[in-house]
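Secondary and tertiary structure notes
Each chain, written out:
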Amino acid sequence: MKASTQLNMSSSPHSHSQKTLSSVMMTVLLACIPGILVQTYFFGYGVLLQCIIALITAVVAESLVLKLRNRPIVPTLKDNSAVLTGLLLALSIPPLAPWWIIVIGTLFAILIVKQLYGGLGFNLFNPAMAGYILLLISFPVQMTSWLPVNSLQQYSLSFFEQLQVIFTGFTSDGFSVNQLRMNLDGITMATPLDTLKTDITKGLTVTESLTGDVFNGFAGKGWLWVNITFMLSGLYLIKTKIINWHIPIAILSSLAFCSILGPLFSPDIHAGPVFHLVSGATMLGAFFIATDPVSAATTNKGRLIYGAFIGLFIYIIRAYGGYPDAVAFAVLLMNMAVPLIDYYTKPITYGHGKIQ
Amino acid sequence: MESLLEQIERGMLWQAPGGVHPPGHKALTESIAISQLPIPEKLIVPIKQHIGVHGKVLIESGQFVLKGQALTAPNQPWSVPVHAPTSGTIVAIQAMPSAHPSALEEISIILSPDGKDTWCDLFPISDYASLDYEEIIQKIQMAGICGMGGAGFPAYVKSQTDKKIEFLIVNGVECEPYITADDRLMQEHADEIIHGISVLNHLLKPEKILIAIENDKPLAIKSMQRASESFENILVKTIPTKYPSGGEKQLIQILTNKEVPTRKIPADIGILVQNVGTLFAIGEAIHKGKPLIERVITVTGKTLNKPKNVWALIGSEVKHLLDNCDFEPQAQQRVIMGGPMMGFTLPSVRIPVVKTTNCILAPNQIELPFNDNEQACIRCSACADACPASLLPQQLQWFAKAKEYDKLEDHNLFDCIECGACNYVCPSEIPLVQYYRVAKAQIKEQQEEQIKAQRAKERFEIRNQRLEREKEERLNRHKKIAKPKTADEQTKIAQAMAKVTTNQSDKSAVSAAIARAKAKKLQNQNSETLPDNTEVAIKRAQRKEKARLYREEKQKETLDSDNNQAPSSETDDKKSAVAAAVARAKAKKLAKQSESDTNKDSREVESTQAEDPRKAAVAAAVARAKAKKLAKQSESEKNEGSSQVELGTSDDKKDSKDNN
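Keep in mind the model is a prediction, meaning the values are calculated, not measured. Note that residues are indexed from 1 along each chain, following the sequence as it is written. Each chain gets a letter, beginning with A, and each ligand a number, beginning with 1, in the order they are written. Side-chain atom pairs in this predicted model are given and counted only at pLDDT of 80 or more, local residue features only at pLDDT of at least 70, and totals for whole chains, interfaces and linings cover all residues. Hydrogens and water molecules were not included; the side-chain quantities draw on all heavy atoms of the structure.

Another aspect to go through is the overall build of chain B. By definition, any uninterrupted DSSP run of H or I lasting at least four residues is a helix, any uninterrupted run of E lasting at least two residues is a strand, and each is numbered from the N terminus. A count of helices and strands for chain B gives 21 helices and 16 strands. Relative to its 660 residues, chain B shows a buried fraction of 51%. Here, residues are in contact when the closest pair of their heavy atoms is within 4.5 Å. Across chain B, the fraction of contacts at a sequence separation of at least 24, relative to all contacts at a separation of at least 6, is 75%. In short, Shrake-Rupley with a 1.4 Å probe defines the accessible areas, and a residue's cover is counted only from the protein chains shown. Accessible surface, chain B as shown: approximately 30,400 Å² in total, 51% of it carbon and sulfur. Between buried and exposed lies partly exposed: a residue is buried under 20% and exposed over 50% of the maximum accessible area for its type, with that area taken using a 1.4 Å probe on protein chains only.

Here it is as structure tokens:
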């Protein structure tokens, strides 16, 4: 060789796992796909449409802020984090919610919750869940207008009819979302969690309530499969070490534990663990939302505490709170506790333990 | 309960936290026997290749040296010599870029080999047990052996511990990817390594010797097991492959479940770890008398057509090694000294290999892509999961970026071993280790500055105290000296006064008579102390000399302090001084006939009183008291004279300055 060859310099280590931010986020996105498909199957194309609107909004919003902040746009977009935020929010809102709902939610999540705090890695709160809560508090009607599963719907809507509902509020035949939600008896149907809550306030027992249309005897129709799909995808993420097992397992065990205790004391007003685990956003929340690394606890012990409290809050809010589901509130509440948890769960550094 | 030793013997292993599994790439070289390289055209031997201090250079330019001849001699602790790797002529002794991450220059001995490779006389020892402890330690030191696993800790220092060693751990883990030097050494030279082990066994008498090898080296394990069969206290331990299990602290944890307390060394918990290469070198040094002049180096990477392990002479240029492995450099080529996890890139291939070099890695862009794409930290904590020291690399990174040094120390930055595991797993490709290195350097710099500042402060305070003390001393001396001195000076004033009083004519004959009597008494007292004079004079001269030396140094301060101090002492005594002056003046007047004598006496008074201040003080006090009495009687007189006295005292001040 020539002695004059210019050698490149770099700092150690020179080896890298090749697992990059972009590939991590992409894997999570891909892991969402089965869940999206199942949700679409049960609740209509609205789910897909919401996802698409959210993705576009997220990318546009992110690019805009990056431009304003003089940050590189394309390389940052490539980390896929904005896309993931939009997607998770889209999966949480009613499929036929008006288009501006998801647009406002995504804009808030990206612009305010994420970028105003400094962008990826600096946000205190989970952007998707903060966006969800903004929407839930500001637009409670639209945000709780869930259609029942397809099989229960009086009218089956085509793709274009759903598109029309999302953008105009009415089908071509002039039906509003609220009308679409009614069953043959003219009663508006809601999500299983919502239905159960309403039934219990009406004085029905849990067992009685679960015999209703939206249930299949022990859990919500459709929601059961959506949750199972998200759980399987989540397990895949754990297996590929994209996420740690600590948070999901802690959430699910804590929620299960609480929902076992509940019926022990008053079986009539508290649903059991199976119902809670496969209803609402439980699995999506446990595997995809609470595991958002930026806003979650960072030590293993901390993650267990973080997860356990999320599970506890989900149960408390579902059982006693005013809202039917509680994943978003629980996650946000615990986001606030993260610095405290991290501080008190610092691992003992090698050589700093008790002298043997 | 089972003792630790029993647990270990039963085959128990523990786990070190964290760790990563980077691709090994060991297949490139692990099955090829170590080959001998031709003697290079030039050898560059840095005189310091270890942790510690270099020795004294023994040879000079132009001198012919034999292979194995010592080129330097240790002249202080932590110093080990370097030796001529082959016979030849010393061309130069000069600073050359050395094997260091920033290619720092090191004084190096440049040798032009004669090609004959003639050994100097060697002194092998067949029976090391016949040597005493010190002799073996010295042998190890004089062979120039330092830790060959990478750190370069002088082997003799490590072996010299006065602590009771329970476990001697032989580190054949070699967890860094690509490197197979220790693997091949164990496969081919197990007996020689056992020789080295038995020397240390003799020195340290450990309870158990544990040879640790990762399970990806089955041949090395077999080879070491065979070689150690006949030794009862040697146990070959196979440990799971994980990076960085070969780290000293991690290995101790895996084998014994013990942790080396922070800022302590393994010997503090009864453990000593030596690399197989080091033990091989110790064996060679004792049994064959050979100093450390060559070592096994893995030359590997996919830009080499013939990667292999070589016996390389210490001081061979990296280029020599690469050329012999058929190197085909690519664009943006990197040449790494050490492994891919902890090695450092070389700015040039003209850098010599040293005692701590275990690998030369010349990768292509595909096997080790050049990553320079730092993104935001997403707090995923993959780094914390990978950290073998249970640190929080992610937090450290934030603190390092914010230069929060106290927080960094709080989070135990200095327990980071820079293994690079965090960096390896970071999805945001943040160069964490580099941040820590910079932060560590900055903290050390800051600490050094703090120490310097502290020392300066202490020096300043001590100086202040000294000045204060000296001022005090001087002041005391002044107080004692001042009165007689002023008395001396005031005789002149008194003379002036006397003139005045004579002009005015004596108003009270009675008081004059009393004064006369008192003055006489005073004179008598003074004359009593006269005999001491000569001795006192010498002492005073000495003191004056001392004072003069000091004055030269600190004239200004002295001036200031005198200015501050003199008036107060003077004013205190002003009244009495005036009175005394009046009294003395009167006495003078009476003793006109013997004026010259009086002057001499008063000078003597000064010197005497310096020697015997108490007596003098008493005398002065008596004089003062009497003078006061006298003064009362002649108040009108005093009022007239006081303005003149004032003038006189300010003159005194000037004088006392000069005298100092």
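Let's pick the thread back up.
Helix-helix packing is described using two parameters, namely the angle between the two axes and the distance between the axes. Residue and element names in this part refer to chain B. Running from N to C, helix H2 (residues 133-142) and helix H5 (residues 190-204) cross one another at 140°; their axes reach a closest spacing of 10 Å. By the angle class used here, H2 and H5 are oblique. As H2 packs across H5, the resulting crossing turns out to be left-handed. Here H2 contributes Tyr133, Ile136, Ile137 and Ile140 to the contact with H5, which in turn contributes Val199, His202 and Leu203. A fitted line through C-alpha atoms represents every axis, and for helices the fit uses only the stretch in contact; the resulting angles, taken between N-to-C directions, go from 0 to 180 degrees. Angles below 35 degrees are treated as roughly parallel, those above 145 as roughly antiparallel, those between 65 and 115 as roughly perpendicular, and all remaining angles as oblique. Two helices crossing with the near one rotated counterclockwise from the far one by less than a right angle form a left-handed crossing, whereas a clockwise rotation gives a right-handed crossing.

Contacts between chain A and chain B engage 45 residues on the former and 64 residues on the latter. Note on terms: buried area is the combined drop in 1.4 Å-probe accessible area of two parts once they are placed together, counting the loss on both. Carbon and sulfur atoms supply 54% of the area buried between chain A and chain B, which totals about 4,600 Å² over both sides. The term salt bridge refers to a side-chain nitrogen of Lys or Arg lying within 4 Å of a carboxyl oxygen of Asp or Glu. Counting across the chain A and chain B interface gives two salt bridges. A salt bridge links B:Asp385 to A:Arg303, with the shortest nitrogen-to-oxygen separation between them at 3.7 Å. Two N or O atoms count as a polar contact when they lie within 3.5 Å, although within protein this holds only if one can serve as hydrogen donor and the other as acceptor, and sequence-adjacent residues are included solely when both atoms are side-chain atoms. Taken together, the connections running from chain A to chain B amount to 23 residue pairs in polar contact (both at pLDDT 80 or more). Breaking the side of chain A that touches chain B down by element, the ones donating at least two residues are helix H1 (21-43), helix H16 (300-320) and helix H17 (327-344) of chain A. Considering every element that reaches the side of chain A that touches chain B, the biggest residue donor is H1(A), with three residues.

Here we take up the sheet that holds strand E14 (residues 336-337) of chain B. Residue and element names in this part refer to chain B. Spatially, the six strands line up as an open sheet ordered E1-E13-E12-E16-E14-E15, and their pairing is mixed. In this open sheet, the two strands that pair with only one neighbour each are strand E1 (35-36) and strand E15 (344-345). For two strands to be treated as a pair, DSSP must find no fewer than two bridges joining them. Here strand E12 (residues 294-300) runs beside strand E16 (residues 359-361); their pairing, made up of three bridges, is parallel. Within E16, the residue paired with Thr300 across the bridge is Leu361.

All names here are of chain A. Spanning 17 residues, helix H5 (residues 99-115) covers 23 Å between terminal C-alpha atoms, matching the ideal 24 Å at 1.5 Å per step. Buried residues of H5: Ile101, Ile102, Val103, Gly105, Thr106, Ala109, Ile110, Val113, Lys114 and Gln115, and no others. Contacts made by the buried residues of H5 are with helix H2 (46-68), helix H4 (81-92), helix H6 (127-138) and helix H7 (140-144). What a helix is expected to span follows from its residue count: subtract one and scale by 1.5 Å.

Residue and element names in this part refer to chain A. Inspection of the secondary structure puts Ser209 in helix H11 (residues 206-209). Put simply, Ser209 and Thr195 are 14 residues apart on the chain and 7.8 Å apart in space, counted from C-alpha to C-alpha. Among all residues touching Ser209, those that are not within four sequence positions of it are Thr195, Leu196, Asp199, Leu204 and Phe215.

Turning next to unusual backbone geometry. Across residues other than glycine, the phi torsion is negative in most instances, and most of the peptide bonds are trans. Following A:Ser12, the chain continues into A:Pro13 via a peptide bond in cis, with omega recorded as -5°. Even without being a glycine, B:Lys205 presents a positive backbone phi close to 50°.

A separate point is the domain arrangement of chain A. All names here are of chain A. Domain start and end points were adopted from an automatic or database domain assignment. Along its sequence, chain A is organised into domain 1 (23-189) and domain 2 (192-345). Relative placement of domain 1 and domain 2: their C-alpha centres are 21 Å apart. Listed per partner, the contact involves 35 residues of domain 1 and 27 residues of domain 2. Between domain 1 and domain 2, a total of about 2,700 Å² is buried, with carbon and sulfur atoms accounting for 81% of that surface. At the boundary of domain 1 with domain 2, the tally comes to zero salt bridges. Across the domain 1-domain 2 interface, the total number found is three residue pairs in polar contact (both at pLDDT 80 or more). Mapped by element, the contributors of at least two residues to the side of domain 1 that touches domain 2 are H1, H4 and H6. In terms of residue count, H1 provides more of the side of domain 1 that touches domain 2 than any other element does, 12 residues in total. Of the residues in the side of domain 1 that touches domain 2, the class split is 26 nonpolar, nine polar and no charged. Any residue outside Ala, Val, Leu, Ile, Met, Phe, Trp, Tyr, Cys, Pro, Asp, Glu, Lys and Arg is labelled polar, Gly included; the first ten of those are nonpolar and the last four are charged.

Before going further, it helps to examine the environment of B:Ala227. All names here are of chain B. Here Ala227 is to be found in helix H6 (residues 218-228). When its relative accessible area of 8% is taken as the criterion, Ala227 is described as buried. For Ala227 and Glu294, which are 67 residues apart along the polypeptide, the C-alpha to C-alpha distance reads 23 Å. Ignoring sequence-local partners within four residues, the contact set of Ala227 consists of Ala190, Asp191 and Ile194.

Soluble globular proteins tend to pack their nonpolar side chains together in the buried interior. In this structure, A:Ile93, A:Tyr132, A:Phe288, A:Tyr306 and A:Ile310 are the most contacted members of the largest nonpolar core, which totals 97 residues. Among the domains, domain 1 (23-189) and domain 2 (192-345) of chain A are the pair contributing at least three residues each to this core. With 55 residues, the next largest nonpolar core counts B:Tyr178, B:Ala181, B:Leu185 and B:Ala190 among its residues. What is meant by a nonpolar core is a set of buried Ala, Val, Leu, Ile, Met, Phe, Trp, Tyr and Cys residues, joined one to another through side-chain atoms within 4.5 Å.

What follows covers the sheet that holds strand E10 (residues 234-239) of chain B. Strand pairs in the sheet, formed through backbone hydrogen bonds, run parallel or antiparallel to each other. All names here are of chain B. With parallel pairing, four strands are arranged side by side in an open sheet as E10-E9-E8-E11. Every other strand in the sheet has two partners, leaving E10 and strand E11 (271-275) as the edge strands with one partner each. Ignoring which end each strand starts from, the neighbouring axes of this sheet average 25° apart. Along the sheet face, H6 touches strand E9 (208-214) and E10 and points at about 170° away from the line of E10.

A few words on the pairing of strand E6 (residues 88-97) of chain B. Residues and elements named next belong to chain B. Bridge count for strand E4 (residues 64-65) against E6 is two bridges, and the pairing is antiparallel. In the sheet register, Val65 faces E6, and the bridge partner there is Gly88. Alignment of E6 against strand E7 (residues 105-113), held across nine bridges, turns out to be antiparallel. Bridging from a neighbouring strand, Thr89 pairs with Ser112 of E7.

Residue and element names in this part refer to chain A. A contiguous nonpolar patch, built from Tyr45, Leu48, Ile52, Ile56, Val60, Phe159 and Phe160 and spanning about 680 Å² of accessible area, is present on the exposed surface. Taken together, the elements giving at least two residues each to the nonpolar patch come down to H2 and helix H8 (159-168). With respect to the helices and strands, Phe159 occurs in helix H8. Its relative accessible area of 31% is what places Phe159 among the partly exposed residues. Patches were defined on residues exceeding 30% relative accessible area and lacking a salt bridge, with like-charge contacts within 9 Å and nonpolar side-chain contacts (Val, Leu, Ile, Met, Phe, Trp, Tyr) within 5 Å.

For the rest of this paragraph, the subject is the state of the cysteines. The definition used for a disulfide is geometric: two cysteine sulfur atoms within 2.5 Å. Summed over the entire model, instances satisfying the criterion amount to zero disulfides over all chains. Among the cysteines around B:Cys359, which has no disulfide bond, B:Cys325 carries the closest sulfur, lying 11 Å off.

For Phe, Tyr and Trp, rings pair up if their centres lie within 6.5 Å, where Trp contributes its six-membered ring, and each pair is then called stacked (planes under 30 degrees apart), edge-to-face (over 60) or tilted (otherwise). One pass over the structure, following the stated rule, counts 15 aromatic pairs over all chains. Both rings, one in A:Phe309 and one in A:Phe313, keep their centres 6.3 Å apart while their planes meet at 45°; by these two values the pair is tilted. Taken together, the positions of A:Phe309 and A:Phe313, both in helix H16 and four residues apart, correspond to about one turn of that helix. Feature note: the residues A:Phe43, A:Trp146 and A:Trp223 constitute an aromatic cluster, connected by ring pairs. Any Lys NZ or Arg CZ found within 6 Å of a ring centre and within 35 degrees of that ring's normal is scored as a charge over the ring. A cation over an aromatic ring shows up here: B:Lys401 above the ring of B:Trp398, its NZ or CZ 5.9 Å from the ring centre.

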